[in-house]
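Structural characterization, general
These are the residues of each chain, in order.
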Amino acid sequence: MPRFRAILDTMPAYRPGKAVAAADGRSYKLSSNESPYDPLPSVVEAIAEGARQIHRYPDPGAIGLTEAIAERHGVPASHIALGAGSVTVAQQLFEAVGEPGAEVVYAWRSFEAYPLLADLSGVTSVRVPLAGEDHDLDAMAEAVTERTRMVFVCNPNNPTGTSVRRAQLESFLDRVPGDVLVVLDEAYREYVRDADVPDGLTLYRDRPNVCVLRTFSKAYGLAGLRVGYLIGHEPVAAAIRKTIIPFAVNHLAQVAAVASLRAEDELLERVDRVVKERTRVREALIAQGWTVPPTEANFVWLRLGDRTLDFAAACAVEGVAVRPFAGEGARVSIGDPEANDAFLKAAAAFLE
Ligand SMILES: *Cc1c(COP(=O)(O)O)cnc(C)c1O
C-alpha cells in the first residue's frame, strides 16, 4: 500500500450539497450561496468569444483582469493576486505561511474551508468559539501567540451571516503583531448594507499585515468558473503570486470576470434584489417565531441544535436544499422569490 500523510485519516471527505426535489419535481438549491440569476448575456458572449482561444494557455499574469480590478478598487496592480476562486487564494495563503509549528487563528464556526486548508498545509488550527453568533475578537486577539502566522476574519461570517463592526475590527487589528497576517475574507462584501461594517479595502492601506479576499463567485455570479483575488501590500501579494499553480485562472474565467466588472451596474442591481429578499425572508421567519441573527450576507442562519437534520429533511420535502451543520444549525441562501417562498413554507410547517 502506498503511504499517505497521517493527517488525511483525520480529515472528513468533502461533502458536496445534495440536490433535493419535492414530490412534484420542484427543486430549489439554497445550499451554496450562489447567485439565483442566470449569467448576463454580455458575460456569456464574452465567454463564447473567449472559447476561440482555448487551445492556448491563459495569460499567466492575467494582466487584463488584474488591471480591471485595480481600476475598480483604486489600488495598484501590484497589490492584487489572483487565484482559481478565493478558496484557492486562501490555500495559497496557507502555503505561503505554513511551516511546521505554525498556527492559524480563526473563529468557529466559520468557513468550512479553513480547517481543511490548515490540515492540508500542516498548519495547526486554533479555533476560537463564536460568542453567540459573532466573532469574539477579544478572545481571538488573546489566542495569538508567537507561533501564530495568520488570522482569518470572515466578514460577514459564513455561516452565521453576522458582521464585525469598524471600531471592533480596528482595535483588534491594533492588537495583532505586525508579523501576523490578518486575512479579511469578504466573499459577501457586495451584500453588506450596514454602513458600520467596514470595507476591508479601507483598512489594509495603513496596515502592511492586513489583506482582503474577494470573489467573483457570489455577487458576480461566476461560481462555476472559479476566480477570486487578494488585495494586500506588495510583499503579501507577491508571496501569493509565488504560490499559484501556473495557469490556475483559466482564460474563460479571466474574460468572464472582466466582462462582469464591465457589467457591474447590472450585477449590483441583482444584488439589491437579493438584499430586499433577504429582508423579507428574515422578517417572515421572525414573524413565524424563529430567532434569526442579523445578516449582511446572501443567507440566513437558524441555530437549530439537535433539530438541524430534521429541519433539512423537512425543507427537502418542499424541494429546498439547505446547508445543515449537524447539531448546530442550518444556513439557507437567499434565492429568487419562488424559492424563498418554498423555504418559508417549510420553515413555518416545521414549527407546527
Ligand atoms: C463562498 C466563499 C468564498 C468564495 O469561494 P470561491 O472559491 O471564490 O468560490 C470564500 N470565502 C467564504 C467565506 C465563502 O463563503
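Each value, and the rule that gives it
- Residues numbered from 1 in each chain as written.
- Predicted model: local features only at pLDDT ≥ 70, side-chain atom pairs only at ≥ 80, totals over all residues.
- Heavy atoms only, no water.
- UniProt positions renumbered as here; feature names shortened; annotations may be inferred.
- Buried < 20%, exposed > 50% of the residue type's maximum accessible area, 1.4 Å probe, protein only.
- Helix = DSSP H or I, 4+ residues; strand = E, 2+ residues; numbered from the N terminus.
- Pairing = 2+ DSSP bridges.
- Right-handed = clockwise from strand over helix to strand, strands pointing away.
- Axes fitted to C-alpha atoms, helices over the stretch in contact; angles between N-to-C directions.

Taking an unreviewed UniProt entry as the reference, the protein chain is identified by name as Aromatic amino acid aminotransferase belonging to Nonomuraea indica. Quoted verbatim from the Cofactor (unreviewed entry) heading of the UniProt record, the comment on the protein chain is "pyridoxal 5'-phosphate". Under the UniProt heading Subunit (unreviewed entry), the entry covering the protein chain gives this text: "Homodimer."

**Points about the pairing of strand S5 (residues 148-154)**
In terms of residue burial, S5 counts as a mostly covered element, since six of its seven residues are buried. Where S5 lies against strand S6 (residues 181-185), five bridges are found, and the strand directions are parallel. Each residue of the ladder has a partner; that of Val151, found in S6, is Val182. With respect to chirality, the unit in which S5 leads through helix H7 (residues 166-175) into the neighbouring parallel S6 is right-handed.

**Considering the UniProt feature "domain: Aminotransferase class I/classII large" (unreviewed entry) in the protein chain**
Cross-referencing UniProt, the feature "domain: Aminotransferase class I/classII large" (unreviewed entry) maps to residues 29-345 in the present numbering. What you have in residues 29-345 is 41% helix and 17% strand, and the ends, taken at the C-alpha atoms, are 15 Å apart.

**Focus: the sheet that holds strand S12 (residues 329-333)**
If you trace the three strands from one edge of the open sheet to the other, you get S9-S12-S11, paired in antiparallel fashion. Looking at the sheet topology across the chains shown, the edges are occupied by strand S9 (299-302) and strand S11 (323-325). On average, each strand axis in the sheet is tilted by 15° relative to the strand beside it, whichever way the strands run. The pairing of S11 with S12 spans three bridges and is antiparallel. Bridged to Phe325 within S12 is Gly329.

**Side note on the pairing of strand S3 (residues 103-108)**
The buried count for S3 comes to six of six residues, which makes it a mostly enclosed element. Going residue by residue along S3, you find Glu103, Val105 and Ala107 tucked away on one face and Val104, Tyr106 and Trp108 tucked away on the opposite face as well. Here S3 runs beside strand S4 (residues 124-129); their pairing, made up of six bridges, is parallel. Bridge pairing links Val104 to Ser125 in S4. Handedness of the crossover is the feature at issue here: the chain leaves S3, passes through helix H5 (residues 113-121), returns alongside S4, and the resulting connection is right-handed.

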